[in-house]
Amino acid sequence: MLAQVVTIGRNLRSVLIPIKWGEFSNRDHALRNWDLWGPLLFMLLLATTLSWGEQSASQVFSLVFAECGLGAIVLTVNVILLGGDIVFFQALCLLGYCLFPMCMAAIVCAATSNKIARTLSLLGGLVWASCATVPFVGGAVNEKRKALATFPVVLLYTSIGWFGLVKSSAGS
Amino acid sequence: MGDYLRQQGFGGGPPSGAPTGINPFAQPHVPINNTYTDLQTSYEPYEDHEEDGGTVPSIPISTPASVTIPVTSPQHNQHHHPPSIDPSAASGGTVPSITPPPTAASSVQFISTTAVPSATGKIGKPENWGANQLGGQPQQQAHISPQDQQQQQQQLPLDSDSLLLPAPNSQQSSSYPFYNIRRYRPYFDVDTNEVLWRVGNSFIGAFSANFMQTTQEKPDLYGPFWICTTLIFITAVSGNFAGYLQWRQNHRDGADPASAVQSQWFTDYTKLSASAGIFYGYVFVVGLLVWLVLRYFRSDMRIVNILCIYGYALSIYLPISVICIAPSDIARWVIVLLGTVTSGLFLFMNLRERIMAAGPGKSMPILLSVLGVHAVVGIVLKLYFFSY
């Protein structure tokens, strides 16, 4: 159990903080021991946070959860179809881990209803998640198709960000 | 190496017709005979010939009157005339001297190039080259000079391709089983600029209907799928935003508790599933129906082409969704109808030739029904989505 937590933390660090030092020097091998616990944890956290205090909470929860899960699968398939050569589960794992910044932004959105704070935190989370994913996804395909592979990724994170932006405040 | 060439029969006589052997000289620096005794220039020996210590076309050792000048004949370019090798060079068998054609007496052109004179064919065992050669190549490569080896390695894949197991690449992707994603790669074989062109063409393409011709060989399903997905997202966002603006206006104007205006804005998530159904359904289901009708009339249209064109036809609703945030209802109607007419014309003009080729008698009803369905979808979009 503790080993799983350590693995999650290690993968998180290697994905989200792309600083090459020590054992995290090679991004390609960073997620070699991929695991799906981390992505599951973040998807649940995201869905719970975004549906907190909503009027139709279960609908929002299922929407967010399905969107994250299906979105990650569809994005990976998209990269493979465009000619990229990536390991399916490794890419899935990476996309799941990159939801972490959006989780943190969602927590901020749940905590406050100030539009400016929400927008800022969501933008920050979006930029961070995109900067973690885009090099991986864009590097897996041909140079001329880079935008085709990265546009859906940005779309996914933007839609999750929109869920956070229009979230109704808790306690209403 | 001169010995080897002579053994292969390259020594002796001027070439009648281009010899199929590979010119061993990478640069046309060639020694010539004493026709040009009055010209003497310096040159640079080869840097890349290592065997005999630079004997080709090295310093004229024992031919007193021969000079070495890089020479090419004015009439022939170097691709058609590899110089002949004269075995009668006086240097002890290791320096083949080249006799230029006798007509090139007027001028001497100095050329400096590293271009390899093109040659085809192989040196070695030509007859069964490539036949079960997976293990057999290394011993043959020992006889071949580096340049020949390079050229043969370039030619090898053409021969041995049929003998090696076909590795599924983009041309042979149908060798994957149906559950393997890579089998469907040819339908996503587009670059960014092509996708952008197709989207732009669907906006203005009613006037020059070249979409179908351009995408005939390489239709893609990337565009239809992601345009539909983006449309779902954008209609949800714009719809909710416009509704929010409306609510805020109502909430400010009449702070009347008895009015139907709710006290807080709640985002409407129910339309997402409906919009998914409408957009995906229009592209894929209606596209399938059109294809079935065309098949009934024995057209050879591929379903991918039809899905491609239907998908890109919907791309005009992307900016329309954003523009329809503006609160005026008349403007919304005008914009939506304009977009519907444009994309309808786009569909019409591009499908027209194919449908007419399919069944000349029945083409008009088919085309009209295509247009009619599109118009209905446009109106439904307006009433359901864009009337915030």
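Residues numbered from 1 in each chain as written. Chains lettered and ligands numbered in written order. Predicted model: local features only at pLDDT ≥ 70, side-chain atom pairs only at ≥ 80, totals over all residues. Heavy atoms only, no water.

In the nomenclature of an unreviewed UniProt entry, chain B corresponds to Protein YIP from the organism Dunaliella salina. The record in UniProt for chain B states the following under Sequence similarities (unreviewed entry): "Belongs to the YIP1 family." (UniProt positions renumbered as here; feature names shortened; annotations may be inferred.)

By the naming in an unreviewed UniProt entry, chain A is Protein YIP, taken from Dunaliella salina. Checking UniProt for chain A, the heading Sequence similarities (unreviewed entry) contains the comment "Belongs to the YIP1 family."

This part covers the interface of chain A and chain B. Between chain A and chain B, the residue contacts involve 35 residues of the former and 26 residues of the latter. Looking only at chain A, the three residues that lose the most surface to chain B are A:L81, A:L148 and A:W162, adding up to 25% of its buried area. Here chain A and chain B share 5 salt bridges between them. Where B:R185 meets A:D85, a salt bridge forms, and the shortest distance between an N and an O atom there is 3.9 Å. Summed over the shared surface of chain A and chain B, the result is 8 residue pairs in polar contact (both at pLDDT 80 or more). Looking at the side of chain A that touches chain B, the elements with two or more residues in it are α3 (57–81) and α7 (146–165) of chain A. If you tally residues by element for the side of chain A that touches chain B, the top one is α7(A), at 11 residues. Residue classes in the side of chain A that touches chain B are distributed as 18 nonpolar, 11 polar and 6 charged. (Contact = heavy atoms within 4.5 Å. Buried area = accessible area lost by both parts, 1.4 Å probe. Salt bridge = Lys/Arg side-chain N within 4 Å of Asp/Glu carboxyl O. Polar contact = N/O pair within 3.5 Å; in protein donor to acceptor, adjacent residues only side chain to side chain. Helix = DSSP H or I, 4+ residues; strand = E, 2+ residues; numbered from the N terminus. Nonpolar A, V, L, I, M, F, W, Y, C, P; charged D, E, K, R; others polar.)

Right, let's get into the UniProt feature "transmembrane region" (unreviewed entry) in chain B. Residues and elements named next belong to chain B. As annotated by UniProt and renumbered to match this structure, "transmembrane region" (unreviewed entry) occupies residues 221–242, 272–294, 306–328, 334–351 and 363–385. In residues 221–242, the share of helix is 95% and the share of strand is 0%. The end C-alpha atoms are 31 Å apart. In this annotation, residues 306–328 is assigned 65% helix and 0% strand; the end-to-end C-alpha distance for the span is 35 Å.

Let us look at the packing of aromatic side chains. Residue and element names in this part refer to chain A. Summed over the entire model, instances satisfying the criterion amount to 15 aromatic pairs over all chains. Taking the centre distance of 5.9 Å and the plane angle of 70 degrees together, the rings of F42 and Y97 count as edge-to-face. With F42 in helix α2 (residues 37–50) and Y97 in helix α4 (residues 88–97), this pair connects stretches of sequence that are 55 residues apart. Under the relative-accessibility criterion, F42 is labelled buried at 5%. (Phe/Tyr/Trp six-rings, centres within 6.5 Å; stacked < 30°, edge-to-face > 60°. Buried < 20%, exposed > 50% of the residue type's maximum accessible area, 1.4 Å probe, protein only.)

All names here are of chain A. Among the surface-exposed residues, M1, L2, V5 and V6 lie close enough to one another that they form a single nonpolar patch of about 460 Å² accessible area. Among the secondary structure elements, V6 is positioned in helix α1 (residues 2–16). Assessed through its relative accessible area of 44%, V6 is described here as partly exposed. (Patch = residues over 30% accessible without salt bridge, like charges linked within 9 Å, V, L, I, M, F, W, Y side chains within 5 Å. Areas by Shrake-Rupley, 256 points an atom, 1.4 Å probe, with all protein chains shown as cover.)

What follows deals with the UniProt feature "transmembrane region" (unreviewed entry) in chain A. Residues and elements named next belong to chain A. The positions that UniProt labels "transmembrane region" (unreviewed entry) are, in the present scheme, residues 36–53, 60–81, 87–108, 120–141 and 147–166. With 95% helix and 0% strand, residues 120–141 has end C-alpha atoms that lie 31 Å from one another. Between the end C-alpha atoms of residues 147–166 there is a gap of 28 Å, over a span that is 95% helix and 0% strand.

A few words now on helix α7 (residues 271–296) of chain B. The terminal C-alpha atoms of α7(B), which comprises 26 residues, lie 36 Å apart, in line with the 38 Å expected from a rise of 1.5 Å per residue. Considered for burial, the residues of α7(B) that qualify are B:L272, B:S275, B:F279, B:Y282, B:V283, B:V286, B:G287, B:V290, B:W291 and B:L294. Those residues of α7(B) that are buried are in contact with α3 and α7 of chain A together with α6 (222–253), α8 (303–313), α10 (329–358) and α11 (363–384) of chain B. With its phi angle positive at about 60 degrees, B:R298 sits one or two positions after the end of α7(B). (Expected span 1.5 Å × (residues − 1).)

With that settled, consider the layout of surface pockets. For the largest pocket, the calculated volume is near 710 Å³. The wall of the largest pocket is formed by 28 residues, among which A:K115, A:W162, A:L165, A:V166 and B:F241 lie closest to the centre. Its volume calculated, the second largest pocket comes out at about 610 Å³. Lining the second largest pocket are 23 residues, with A:E67, A:L70, B:T229, B:I232 and B:Y280 sitting closest to its centre. Among the elements of the structure, α3 and α7 of chain A together with α6 and α7 of chain B are those that each provide at least two residues to the lining of the second largest pocket. With 7 residues, the single largest contributor to the lining of the second largest pocket is α3(A). (1 Å grid on protein atoms, 1.4 Å probe; cavity = no way out; pocket = protein on both sides within 12 Å on 5 of 7 lines; lining within 4 Å. Points joined across faces, edges and corners; volume = space filled by probe spheres on them.)

Attention now goes to the pattern of salt bridges. Evaluated as defined, the whole model comprises 9 salt bridges over all chains. Between A:R145 and B:D191 there is a salt bridge, and its shortest N-O distance comes to 2.8 Å. With A:R145 in the loop between α6 (115–140) and α7 and B:D191 in the loop between α3 (146–160) and α4 (192–204), this residue pair bridges two chains. Here the two residues A:R145 and B:D191 agree in accessibility, since each one is buried. Between B:D329 and B:K382 there is a salt bridge whose closest N-O contact spans 3.5 Å.

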